[in-house]
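Given next are the chains, with one letter for each unit.
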Amino acid sequence: METTLQGVGVSHGVAVGEVRHMSTAVLEPPAKQIGSQEAPREQSRARQALEAVAADLNARGQLAGGDAQAVLEAQALMAQDPELAADIERRIAVGSTAERAVFDAFASYRALLSGAGEYLAGRVADLDDVRNRIVARLLGVPMPGVPDSDEPYVLVARDLAPADTALLDPTLVLGFVTQEGGPTSHSAILARALGVPAVVALPGAVDLAEGTVVAVDGSTGEVFVEPGAAKRAELERAVAQRKAALAASSGPGATSDGHRVPLLANIGGPADVAAAVAAGAEGVGLFRTEFLFLDDSVRAPSQEKQVETYREVLAAFPEGRVVVRVLDAGADKPLEFLTPGDEPNPALGVRGLRTLLEHPEVLRTQLRALAQAAEGLPVHLEVMAPMVADRQDARAFAEACREAGLGAKFGVMVEIPSAALRARAILREVEFVSLGTNDLAQYAFAADRQVGAVSRYQDPWQPALLDLVAFAAEAAKAAGKGCGVCGEAASDPLLACVLTGLGVTSLSMGAASIPYVRAALGRHTLAQCERAAAAARAADGAAEARRAARGVLSGE
Ligand SMILES: C=C(OP(=O)(O)O)C(=O)O
Ligand SMILES: [Mg+2]
């Protein structure tokens, strides 16, 4: 019987196919005792399994490249951890089998990690995945992970581990559905990068029977179970319409009556530039520079290395606009040499600009590197600071930019409600603001963006978030300055129209979303976007806001 489930759509498009589950079952080996004569053999089996899994993860990393490689290599390091190996050895020496010793040693490592702050707690899924691989190898059972199928399928999982997702074959995976995870989860980011439809936070996803046919609409977040002929035909029509609209849309972002809204790309480094250019990005609205700093845990990259990387990005957008965000360390992106390790609540601690003001030499080097990288290039460089709370923060950043002799526009991100409420004062110090809606939602709703259980608050359609966007956009308009959005909110085509109606002046998103947003904007006038924005703000919850905006935009 056809039923409809509602999750959160995080990657556009429709996929119809059979469910294949990702096996993540915890393999718990029995706790049987062995005699001391068996210990040497178990020790050597354990050592071999650890080495083989580390080698396999490294090899997968090499094949995958890019950010996935860093994640997989970090997992390989977990398997090679000397303290873990010593713990396993101790457990075997007192009578454990190799597989049970691995299982128990990882359990105590896990407990340590879960209590070691937000970032490390977020790595627990990666650790569990390493444990499952080692235990499966020792038990001689298939590795957990991506289903072994030659036919295309819809991948269903509780959440996705990086080791598996990195090697997914996009020609076989029609779409993703996960029970956990929010718009900023690993699964969501990966689905967008692969360009396959995805729905996350879908209640009951893991209970869908293997082989069930589902239709996944990554734009609306709906998953149709056993869709009938009429539903399939309706979805096919919707897909054809979206494809035609995409094909017909090109050029700069604008509403149908010509109100310009530049469409920019979010990138993490030079590797993302090609996709941004191919999608027709008019520039970069958010260059997350933290990736450059993650290579070395003890020091910042040299000014020379930074200049080289920044120049590679800046040179790709002649006459375009490139907004570089200075280092956003701390909370979900800790750096050993900058981030205090003992904060009880790192998301509310020393992160973003706060870290840079405590380490002015890191900020100075980065600003100088940016100034040097832009020398002689026709690009319009803009630089912004993350996690700015008030006018004093904005002034400190502006002064640092002036002192570094930066001939670029400088601005700040609005990610904290206080900054949205007092944007007018902040704009006396800087030349633009850019709304980071991921963090803005996290702080407005007191809902950790990494915790799936509170992902409903991360929905950028929440009217309270729209109110904060409106405050910032109105302040920017009064000051005659720009107000962009570079959080995930900008990648939702319907919401992009609402943000435009709220007065946002540019939208920045993952490259794959740009054609969808361009097509949606091009179908509506500015006045229609304004009416949709008013309707969404008048609603009482995210779902109602979405419905109200859709009603306005589709009814006219
Ligand atoms: C764009 C944002 O920054 P990040 O996701 O890198 O924290 C945001 O918070 O919305
Ligand atoms: Mg942020």
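Residues numbered from 1 in each chain as written. Chains lettered and ligands numbered in written order. Predicted model: local features only at pLDDT ≥ 70, side-chain atom pairs only at ≥ 80, totals over all residues.

Here is the rule we go by: UniProt positions are given in the numbering used here, feature names are shortened, and annotations may be inferred rather than shown by experiment.
Per an unreviewed UniProt entry, the recorded name for the protein chain is Phosphoenolpyruvate-protein phosphotransferase, and the organism is Actinacidiphila guanduensis. Quoted straight from UniProt, the Catalytic activity (unreviewed entry) entry for the protein chain says "L-histidyl-[protein] + phosphoenolpyruvate = N(pros)-phospho-L-histidyl-[protein] + pyruvate". The protein chain has a UniProt comment under Sequence similarities (unreviewed entry) that states "Belongs to the PEP-utilizing enzyme family."

## Things to note about the packing of helix α1 (residues 39-64) against helix α3 (residues 82-93)
Heads up, the rule is: For every element, the axis is a line fit to its C-alpha atoms; helices are fit only across the contacting stretch, and the angle between N-to-C directions ranges from 0 to 180 degrees. Secondary structure elements are defined from DSSP: runs of H or I of at least 4 residues count as helices, runs of E of at least 2 residues count as strands, and each element is numbered from the N terminus. Should an angle lie under 35 degrees it is considered roughly parallel, over 145 roughly antiparallel, and from 65 to 115 roughly perpendicular; all remaining angles are considered oblique. Handedness of a crossing follows from how the near helix is turned relative to the far one, being left-handed for an anticlockwise turn of less than a right angle and right-handed for a clockwise one. Residue pairs qualify as contacts under a 7 Å threshold applied to their C-beta atoms, which are placed from the backbone. Polar here means any residue other than Ala, Val, Leu, Ile, Met, Phe, Trp, Tyr, Cys and Pro, which are nonpolar, and Asp, Glu, Lys and Arg, which are charged; Gly is therefore polar.
Running from N to C, α1 and α3 cross one another at 155°; their axes reach a closest spacing of 9 Å. As summarised for this structure, α1 and α3 are arranged roughly antiparallel, according to the angle between their axes. The interaxial crossing formed by α1 with α3 has right-handed handedness. Residues A39, E42, Q43, A46 and L50 of α1 form the contact with α3, whose participating residues are A85, I88, E89, I92 and A93. Its residues assigned to classes, the contact of α1 with α3 shows seven nonpolar, one polar and two charged.

## Things to note about the UniProt feature "binding site: Mg(2+)" (unreviewed entry) in the protein chain
The following threshold applies: Burial in this document is a count-based property: other C-beta atoms within 10 Å of a residue's C-beta are tallied, and the residue is buried at 20 or more, exposed at 12 or fewer, or partly exposed in between, with C-beta positions derived from the backbone.
Residues annotated by UniProt as "binding site: Mg(2+)" (unreviewed entry) correspond here to E415 and D439. For this annotated set, covering 25 residues, all C-alpha atoms fall within 5.2 Å of each other, a compact arrangement in space. Here E415 is to be found in the loop between β13 (409-414) and α16 (417-421). With 26 C-beta atoms counted inside 10 Å, the residue E415 sits in the buried group. Ignoring sequence-local partners within four residues, the contact set of E415 consists of P386, M387, G436, D439, L440 and Y443. Relative to the helices and strands, D439 resides in helix α18 (residues 437-444).

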